[in-house]
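What the coordinates show
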Amino acid sequence: MDTVDIREKKFNKLITVVSIVIPLVVALLFGVKIPNVEPLSFLPPIYASINGLTALILIVAVWAIKNGKRELHQKLMTFCIVLSLLFLVMYVAYHMTSDSTPFGGEGAIKYVYYFILITHIVLSIAIIPLVLRTYARAYLKKFDAHRKLAKITFPIWLYVAITGVVVYLMISPYYVH
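With respect to the packing of aromatic side chains
Applying the stated criterion to the full structure yields 12 aromatic pairs. Aromatic pair Tyr-47 and Phe-87: ring centres 5.3 Å apart, planes at 90°, arrangement edge-to-face. Here Phe-87 lies in helix 3 (residues 70–97) and Tyr-47 lies in helix 2 (residues 43–66), a separation of 40 residues in the sequence. In this pair, the class of Tyr-47 matches that of Phe-87, namely buried. Summarising the aromatic geometry, the rings of Tyr-94 and Tyr-175 are spaced 6.2 Å apart at their centres and angled 85° between planes, so their arrangement reads as edge-to-face. Residue Tyr-94 is located in helix 3, and its partner Tyr-175 is located in the segment after helix 5 (143–171); the two are separated by 81 residues in the primary sequence. The exposure classification of Tyr-94 matches that of Tyr-175, with both residues buried. Members of the aromatic cluster, each reached through a chain of ring pairs, are Phe-30, Tyr-47, Phe-87, Tyr-91, Tyr-94, Tyr-168 and Tyr-175. The aromatic ring of Phe-143 is capped on one face by Arg-70, whose charged end is 4.0 Å from the ring centroid.

In structure tokens:
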């Protein structure tokens, strides 16, 4: 086994651990409320905007690589990962200081909302190892493998980013101000 394969195996072990730990920690922290603090009610529009920005940058990053701008693509994708981490920190902070907002819509829109929300949540968990493995393959200069996995990762990540904005827009009328 060559050095790159050994490094990829190590990355994959770390990615597996991170991909399990992040959703578990988020789920655990979701149940924790910090007492005697002001709710961070200003965060949802900020982290929804981060999701929207992530979606736009993902599209620009694909444009960059299709036009031979590998360095720009790499910087944009790294920025998307940073934005996703920033989103996650803000999302957890909001939910540790605020009660969850129930969706107030009725009829068919309620089913649309919950379909979007559930697919968003499930895919936001699934995207963690996909993004990290795709990134690791590029880092290891395994570009054929990177490209192959990126064709799966990109549309899922884009869906998660866009539906994050949609979920916010659909629930925002029901936030307590």
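Next, the rest of the story.
Some remarks on unusual backbone geometry
Comment: phi is negative for the bulk of residues other than glycine, and the bulk of peptide bonds are trans. Phi at Asn-36 is positive, roughly 60°, even though this residue is not glycine. With respect to the helices and strands, Asn-36 occurs in the loop between helix 1 (3–30) and helix 2. Even without being glycine, Lys-141 reaches a positive phi, approximately 65°. Checked against the element boundaries, Lys-141 lands in the loop between helix 4 (108–139) and helix 5. Overall, Lys-141 belongs to the exposed group, its relative accessible area being 63%.

A look at the packing of helix 2 against helix 3
Where helix 2 meets helix 3, the closest approach of the two axes is 9 Å, and the angle between their N-to-C directions is 165°. Classified by the angle their axes make, helix 2 and helix 3 are roughly antiparallel. For the pair helix 2 and helix 3, the sense of crossing is left-handed. Split by residue class, the contact of helix 2 with helix 3 holds 26 nonpolar, 5 polar and 1 charged.

Some remarks on the pattern of salt bridges
With the rule as written, the count across this model stands at 5 salt bridges. Ionic pairing is found between Arg-137 and Glu-8, a salt bridge with its closest N-O pair at 3.4 Å. On the criterion of sequence distance, the pair formed by Arg-137 in helix 4 and Glu-8 in helix 1 is long-range, its members being 129 residues apart. Residues Lys-142 and Glu-8 are paired through a salt bridge, measuring 2.5 Å at the closest nitrogen-oxygen approach. Taken together, the positions of Lys-142 in the loop between helix 4 and helix 5 and Glu-8 in helix 1 put the pair 134 residues apart, joining distant regions of the chain.

What to know about helix 2
With 24 residues, helix 2 extends 35 Å between its outermost C-alpha atoms, agreeing within 8% with the 34 Å of an ideal straight helix rising 1.5 Å per residue. Residues of helix 2 that are buried in the fold lie against helix 3 and helix 5. Note on helix 2: the residue one or two positions beyond its end, Gly-68, has a positive phi of about 75°.

Section: the nonpolar core
Counting 33 residues, the largest nonpolar core has Tyr-47, Leu-58, Tyr-113, Trp-157 and Tyr-175 as its most contacted members. Sorting the residues of this core by element identifies helix 2, helix 3, helix 4 and helix 5 as the ones contributing at least two each. Non-local contacts of Trp-157, meaning those with residues more than four positions away in its chain, are made with Thr-54, Leu-58, Met-77, Cys-80, Ile-81, Ser-84, Ile-127 and Val-131.

Some words on a nonpolar patch on the surface
The grouping of Val-17, Val-21 and Val-25 at the surface amounts to a nonpolar patch, some 220 Å² of accessible area in total. Tracing the backbone through its elements, the reader meets Val-21 in helix 1. Given a relative accessible area of 41%, Val-21 falls into the partly exposed group.

So, how was this worked out
Residues numbered from 1 in each chain as written. Predicted model: local features only at pLDDT ≥ 70, side-chain atom pairs only at ≥ 80, totals over all residues. Heavy atoms only, no water. Phe/Tyr/Trp six-rings, centres within 6.5 Å; stacked < 30°, edge-to-face > 60°. Helix = DSSP H or I, 4+ residues; strand = E, 2+ residues; numbered from the N terminus. Buried < 20%, exposed > 50% of the residue type's maximum accessible area, 1.4 Å probe, protein only. Lys NZ or Arg CZ within 6 Å of the ring centre and 35° of its normal. Axes fitted to C-alpha atoms, helices over the stretch in contact; angles between N-to-C directions. Parallel < 35°, antiparallel > 145°, perpendicular 65-115°, else oblique. Left-handed = near helix turned anticlockwise from the far one by under 90°. Nonpolar A, V, L, I, M, F, W, Y, C, P; charged D, E, K, R; others polar. Salt bridge = Lys/Arg side-chain N within 4 Å of Asp/Glu carboxyl O. Expected span 1.5 Å × (residues − 1). Contact = heavy atoms within 4.5 Å. Core = buried A, V, L, I, M, F, W, Y, C linked by side-chain atoms within 4.5 Å. Patch = residues over 30% accessible without salt bridge, like charges linked within 9 Å, V, L, I, M, F, W, Y side chains within 5 Å. Areas by Shrake-Rupley, 256 points an atom, 1.4 Å probe, with all protein chains shown as cover.

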